[in-house]
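Architecture and fold: a report
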Amino acid sequence: APFTPASQTPPNLKGIDIYGVALPYNIVLGGDLLGYIDFKKFYNLEARIEATKAQIIQEKEDDPKARIVEKLSMSKTRAGILLADVSGHMISDAALVAIIYGAFTTGIFSELDDFGEITMRLFENLNKSMCLYLGTSKLTTLLYGEISEQGKFRFLSAGHPLPLIFSQQYDKF
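These numbers were taken from a predicted model, which means no experiment stands behind them. Counting from 1, residues in each chain are numbered in the order their sequence is written. Two thresholds apply to this predicted model, a pLDDT of at least 70 for residue-level local features and 80 or more for giving and counting side-chain atom pairs, whereas whole-chain, interface and lining totals are computed over all residues. Each side-chain value is derived from all of the structure's non-hydrogen atoms; neither hydrogens nor water enter the calculation.

To continue, consider the environment of leucine 143. Counting from the N terminus, the helices are DSSP H or I runs at least four residues long and the strands are E runs at least two residues long. Mapped onto the fold, leucine 143 is located in strand β3 (residues 140-148). Given the relative accessible area of 5%, leucine 143 is considered buried. Distance from leucine 143 to alanine 158, taken between C-alpha atoms, is 6.2 Å for residues 15 residues apart in sequence. Contacts were defined at the residue level, with two residues in contact if any of their heavy atoms lie within 4.5 Å. Not counting the four nearest positions on each side in its chain, leucine 143 is found in contact with Ile81, Leu82, Leu83, Phe123, Phe155, Leu156, Ser157, His160, Pro161 and Pro163. Relative accessibility thresholds used throughout: buried, under 20% of the residue-type maximum; exposed, over 50%; partly exposed, between the two (1.4 Å probe, protein chains only).

Structure below.
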């Protein structure tokens, strides 16, 4: 069975239905992961916004902290979906994908504080770390996407097949 993190319940977004399921190959334990990132529930956006506002230099019009506040505010209406795959069907592969998930969700705190959103930097840092410690012994892919209540979807892919997105308006993928 795939690793299922504690945040397995899809986040609640106004006007958006989120559904996902990981189907293990031959019902065997392995390195597959489907995880949801619920910004409103787990990342205390209001406190982050207030702390960042307190750092804004009032005299400076183009303070980058103002942009971070804007992006943090946007995160109130979006949620993330993480797909990860570690090659193999052993308990060690399931453990490795759990470690990757932990590193990813821990990295979100820094990303929100530094940029107000998840950026490619988190993927780059995870990739460097995995290459350093695993070398080429394991193939690992990640796909992270964010959906907003406005219906916008953005994603980052690290070797994972591109996502399928269904449009109810056009009744097609």
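Next up on the list: the pattern of salt bridges. Basic side-chain nitrogens of Lys or Arg form a salt bridge, by our definition, when they fall within 4 Å of a carboxyl oxygen of Asp or Glu. As enumerated under the stated definition, the model contains 12 salt bridges in all. For glutamate 117, the salt bridge identified is with arginine 78, shortest N-O distance 3.5 Å. Taken together, the residues span a long stretch of sequence, with glutamate 117 in the loop between α4 (91-115) and α5 (120-134) and arginine 78 in strand β2 (residues 78-86) at a distance of 39 residues. For arginine 121, the salt bridge goes to glutamate 111, with nearest N and O atoms at 3.1 Å. Here the residue arginine 121 occupies a position in helix α5, and glutamate 111 occupies one in helix α4, the gap between them amounting to 10 residues. Using a relative accessible area of 30% as the deciding quantity, one classes arginine 121 as partly exposed. Here the salt bridges do not stand alone but share partners, grouping Lys71, Arg78, Glu117, Glu146 and Arg154 into one network.

Because the α-helix completes a turn every 3.6 residues, residues three or four places apart line up on one side. Every buried residue of helix α3 (residues 64-74) is listed here: Ile68, Val69, Lys71 and Leu72. Along the long axis of α3, the arc covered by the buried residues comes to 170 degrees, so they all point the same way. Looking at the buried residues of α3, the elements they touch are α2 (45-55), β2 and α4. As used in this structure description, the phrase polar contact means that two N or O atoms lie within 3.5 Å; if the pair is within protein, one of them must be able to donate a hydrogen and the other to accept it, and residues adjacent in sequence are counted only when both atoms belong to side chains. Looking at where α3 begins, the residue whose side-chain oxygen comes 2.8 Å from the main-chain nitrogen of lysine 65 is aspartate 63. By construction, the arc corresponds to the directions joining the helix axis to the C-beta atoms.

Fitting a line to C-alpha atoms yields each axis, with helices limited to the stretch in contact; the angle taken between N-to-C directions then spans 0 to 180 degrees. At their nearest, the axes of α2 and α3 sit 9 Å apart, and the two run at 165 degrees to each other. It follows from the interaxial angle that α2 and α3 lie roughly antiparallel. In this structure, α2 crosses over α3, and the sense of that crossing is left-handed. Between α2 and α3, the residues in contact are Leu45, Arg48, Ile49, Thr52, Lys53 and Gln55 and Lys65, Ile68, Val69, Leu72 and Ser73, respectively. Here the angle decides the label: under 35 degrees means roughly parallel, over 145 means roughly antiparallel, 65 to 115 means roughly perpendicular, and every other value means oblique. By definition, any crossing whose near helix is turned counterclockwise from its far helix by less than a right angle is left-handed, and any crossing with a clockwise turn is right-handed.

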